[in-house]
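Chains, contacts and geometry: an overview
Each chain is listed here by its residues.
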Amino acid sequence: MAQRPDMISLEEARKLVVGQVKAMPVETVDVLDALGRVAAQDLKSDMDISPFAHAAMDGFALRSTEVAAASDAAPRVLRVIDEVAAGDVFEGSIGEGECVRIMTGAPLPADADTVVKYEIVGVVEGDGRSGSQVSFAAPSEPGANIRAAGEEAKAGDVVVSAGEVIGAAGVGFLASCGALEVPTYMRPRVGIIAIGSELVAPDVMPGPGKIRNSNSYAMAACAKEAGCIPTILPIVEDTEEALSAAVLAAADEFDFVITSGGASNGDYDFIKDVVEGAGELLMTSVNMRPGKAQTFGIVHGTPVFGLPGNPAAAYCGFEMIIRPALRKMQGYRCLERPTVMAKLSKPMKKKDPRRIFLRSTVTKDEAGEHVVTPAKNQSSGLFGVIQKSNCLAVMPEGKESKEAGERIECILLDVNEEVVL
Ligand code: AMP
Ligand code: MG
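Residues numbered from 1 in each chain as written. Chains lettered and ligands numbered in written order. Predicted model: local features only at pLDDT ≥ 70, side-chain atom pairs only at ≥ 80, totals over all residues. Heavy atoms only, no water.

**Side note on the site of ligand 1**
Taken together, 15 residues sit near ligand 1, with Glu198, Asn213, Ser214, Gly262 and Gly309 positioned nearest. Glu198 has a polar side-chain atom sitting 2.6 Å from an oxygen atom of ligand 1. Gly262 places a polar main-chain atom, nitrogen or oxygen, 2.8 Å from an oxygen atom of ligand 1. Against a free-state accessible area of 490 Å², the protein chains account for coverage of 76% of ligand 1. (Near = heavy atom within 4 Å. Polar contact = N/O pair within 3.5 Å; in protein donor to acceptor, adjacent residues only side chain to side chain. Areas by Shrake-Rupley, 256 points an atom, 1.4 Å probe, with all protein chains shown as cover.)

**Description of unusual backbone geometry**
Between Ile49 and the following residue, Ser50, the backbone shows a cis peptide bond with an omega angle of -5°. Along the polypeptide, Ser50 turns up in the loop between β2 (43–44) and β3 (54–55). The residue after Arg289, namely Pro290, is reached through a cis peptide bond having omega 0°. Looking at where Pro290 falls in the secondary structure, it is placed in the loop between β19 (288–289) and β20 (295–299). (Helix = DSSP H or I, 4+ residues; strand = E, 2+ residues; numbered from the N terminus.)

**Here we look at the pairing of strand β17 (residues 256–260)**
In the case of a regular strand, side chains alternate between the two sheet surfaces. Most of β17 is tucked away, with five of its five residues classed as buried. A two-sided burial pattern is seen for β17, the buried positions comprising Phe256, Ile258 and Ser260 on one face and Val257 and Thr259 on the other. The sheet contact formed by strand β13 (residues 189–194) and β17 spans five bridges and is parallel. In the sheet register, Ile192 faces β17, and the bridge partner there is Ile258. In this sheet, strand β21 (residues 302–307) lies alongside β17 in parallel orientation, the contact comprising four bridges. Its bridge partner lying in β21, Thr259 is registered against Gly306. (Buried < 20%, exposed > 50% of the residue type's maximum accessible area, 1.4 Å probe, protein only. Pairing = 2+ DSSP bridges.)

**Side note on the packing of helix α4 (residues 240–253) against helix α5 (residues 271–278)**
It is at 9 Å that the axes of α4 and α5 come closest, and there the two elements cross at 55°. With respect to their mutual orientation, α4 and α5 come out oblique. Here α4 and α5 pass one another in a crossing that is right-handed. Seen from α4, the contacting residues are Glu240, Leu243, Ser244, Val247 and Leu248; seen from α5, they are Ile271, Asp273, Val274 and Ala278. Among the residues making up the contact of α4 with α5, the classes are represented as six nonpolar, one polar and two charged. (Axes fitted to C-alpha atoms, helices over the stretch in contact; angles between N-to-C directions. Parallel < 35°, antiparallel > 145°, perpendicular 65-115°, else oblique. Left-handed = near helix turned anticlockwise from the far one by under 90°. Contact = heavy atoms within 4.5 Å. Nonpolar A, V, L, I, M, F, W, Y, C, P; charged D, E, K, R; others polar.)

Here's what the structure looks like:
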């Protein structure tokens, strides 16, 4: 048997796996489908944004020189000669002593250089509309309450650069620029295989000695959350032949293959043998807990990652190593989750020298400082604890325990606003 790779640090593992994947081919999607994805090319506007100078407020458009000397004591009275609503164009000219009533979004008349908002204009005669006399008690700067043409972009400008992640506002911005087709990296298709003769599908009540396959569902959800298209493949029993056939078929069909279970050194753990036999075995274990048994290799040119079977261990392996690689494949530059430093709410003993990821909840105290409370049950067999957590608190390598109040790094998970932060 060939010499197998030794245990490596998490950083080395991440570097290794991220280094083995490359960007997906580019596809063009409708702008709305580009939400949250990475622009694969520079995107340009086909016109000036905004296309014309327009009123930013409902009010009166006029020449600023008309009201330059206006004051409370000596208001300047102007005649309203017309009205211009959003969507209309006032094509006339504004003579001396005249102004035009204007609505937000309406193009600025050619002769006007300022807009005075309704609220500070007095009506001297009429109802303030066409034919009325209105008074101004203060000067108004040129450009006041006007949005200039081309303020945000000029025709032909790059409005979203290659590599930018397109947010909801970006979708709107691109729509305004006429950039309705967005080249982006294809979503990786991820094949997910659960290994274990004890496993049954979740829609079955397990018989004696059997459990439901939960990992495939969690890993499919993790892959989906990371922007991929997951496929849950059939459960594979603990035999080398069955696993080998399943992994080879998946490697030929998918962009990335994830297995769970059978990753340790037990009598029925075959993922390492299979990857070694069919391709190149590059990693067997990582200095982390939960989830030391993390297998990685290349089979038929496809990355194959063997996660441990314990649910929390599989989850941590995905979060820490697989997710960054799947993000790189989609063109993201930032591959890791955001972190915060938080005060431990209770002391944490450390006996295992591996880096430990504590399933935890981070909140803010009255002073606005982050405080982290590790879940009581840190068993690597549990998904429910992670469902109730919002971060992984990191106990670094070594055997140093932490006191209550000491600050530790917390990796924020994909939690929504319902989970306190
Ligand atoms: P293994 O890595 O195969 O030694 O499995 C470790 C533990 O995780 C065992 O208790 C397995 O029953 C459990 N396990 C393995 N695969 C799954 C799975 N797909 N869903 C839920 N639990 C699993
Ligand atoms: Mg097993």
